[in-house]
Amino acid sequence: MLRRRFRAWFESRLPLKDSTTLTQRNVYILPTRPGLMLGLTLLVLLVASINYQLNLGYVLTFLLTGSAVIGMHVCHGTLRGLTLHLIAPDAQFVGASVPIGIQLQSNSRRVRYGIGLAVLGTEHWSWTDVPAQGSAKVQVAFTPTQRGLHPLPALTAETRFPLGTFRVWTVWRPAAQVLVYPAPEAHPPPLPPGEPRAGGAANSHKQNTGEFDGVRAYRRGDPLKLVVWKKVAKADELVSRDAQQSQRFELWLDLAHTASASREHALSRLCAWVLLAEKQGMRYGLRLGGQDIAPDSGPAHQKNCLQALALA
């Protein structure tokens, strides 16, 4: 609990930026466990060399100490001067992994080896080398557990190059946010029946098959563009879109049609219906209490409906 509180306090002091350059002010360094063991070994060698007046012992001790000091400066310089650019992630569903792309840019004339990035607090690292005066791209991921608009988690970058005796790291808080859609219901019921259009024929009967298809059996002479090939692949029979029925009925995905005990489950069912209606190439509208999205189809319409479900 103390560690979590300290981390929350530390993160709250970091600025929100989608691009950051690493300098002495935001890069930290500490010895690793092998580095501490090396320091203890050097201390023992120094004491033994003094006690037994071993000239070669002095040479070995100071040689290893100089190597460790040079390694410390090389390790710190591997991160210092590096620029990190965030590649904003696309919207995802609850429970799905959200990939976060990071572009590493270096203006140095030397190659930067062994740089790892991860979501702060996890152990899933992505490692890369950044070429001289070049760039490299890595991806890390996190899994959201709730729908809505979420800030991206804090990220960390570290290196232990070249000797592994020191760990150099930084913590970065991106300013971007990610939209998380509700998780679609695994086995949703069929789509609700279509509703008569306003001003339509009063004697037009309503579809009660439990699924609003807007299709009919194929008739000889129907143009190929009216054939619903997805249904042909499933049912192994030719069916065509019924233009007259589509003009008489509208498919509305209404929150009141879900009959679900919880709001989250109702939104999950609506999400599954939106994906199903879009997959079948149908025109559909969405009703969420006081918010209505007019019937339409296509990727842009699907995105608007999923966004409304995520923020409902």
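Preceding this section is the structure that the text describes.
Residues numbered from 1 in each chain as written. Predicted model: local features only at pLDDT ≥ 70, side-chain atom pairs only at ≥ 80, totals over all residues. Heavy atoms only, no water.

A. Highlighting the sheet that holds strand E6 (residues 112-119). The sheet built from five strands is open, its strands ordered E2-E11-E10-E6-E7 with antiparallel pairing. Only two strands of the sheet have a single partner each, and these edge strands are strand E2 (28-31) and strand E7 (126-130). Neighbour-to-neighbour, the strand axes of the sheet open up by a mean angle of 30°, direction not taken into account. In the packing of helix H3 (residues 55-79) onto the sheet, contacts are made with E2, E6, strand E10 (155-159) and strand E11 (166-172), and the angle to E11 comes to roughly 20°. (Pairing = 2+ DSSP bridges. Helix = DSSP H or I, 4+ residues; strand = E, 2+ residues; numbered from the N terminus. Axes fitted to C-alpha atoms, helices over the stretch in contact; angles between N-to-C directions. Contact = heavy atoms within 4.5 Å.)

B. Main features of the pattern of salt bridges. Tallied over the full model, the rule gives six salt bridges. For the salt bridge of arginine 287 with aspartate 254, the shortest nitrogen-to-oxygen distance reads 3.8 Å. Residue arginine 287 is located in strand E17 (residues 284-288), and its partner aspartate 254 is located in strand E16 (residues 249-254); the two are separated by 33 residues in the primary sequence. The salt bridge partner of aspartate 296 is arginine 283, with a shortest N-O separation of 3.6 Å. Remark: arginine 283 occurs in the loop between helix H6 (263-279) and E17 and aspartate 296 occurs in strand E18 (residues 291-296); sequence separation between them is 13 residues. Taking the relative accessible area as the measure of exposure, arginine 283 reaches 46% and is therefore partly exposed. Several salt bridges converge on common partners, so that one network encompasses Glu158, Arg160 and Arg167. (Salt bridge = Lys/Arg side-chain N within 4 Å of Asp/Glu carboxyl O. Buried < 20%, exposed > 50% of the residue type's maximum accessible area, 1.4 Å probe, protein only.)

C. Structural detail: H6. The first and last C-alpha atoms of H6 sit 24 Å apart over 17 residues, in line with the 24 Å expected at 1.5 Å per residue. When we look at burial in H6, the residues that qualify are Ala266, Leu267, Ser268, Arg269, Leu270, Cys271, Ala272, Trp273, Val274, Ala277 and Glu278. After H6 finishes, the residue glycine 281 shows a positive phi value of roughly 70°. (Expected span 1.5 Å × (residues − 1).)

D. Highlighting helix H2 (residues 33-52). Along its 20 residues, H2 runs 29 Å from first to last C-alpha, staying within 8% of the 28 Å computed at 1.5 Å per residue. Among all positions of H2, only Gly35, Leu42 and Ser49 are buried. Mapping the buried residues of H2 onto a view down its axis gives an arc of 45°, with all of them on the same face. Among the exposed residues of H2, those pointing more than 90 degrees away from its buried face are Arg33, Leu36, Met37, Val44, Val47, Asn51 and Tyr52. Packed against the buried residues of H2 are H3. Directly beyond the C-terminal end of H2, a positive phi value near 55° is found at glutamine 53. (Arc of directions from axis to C-beta.)

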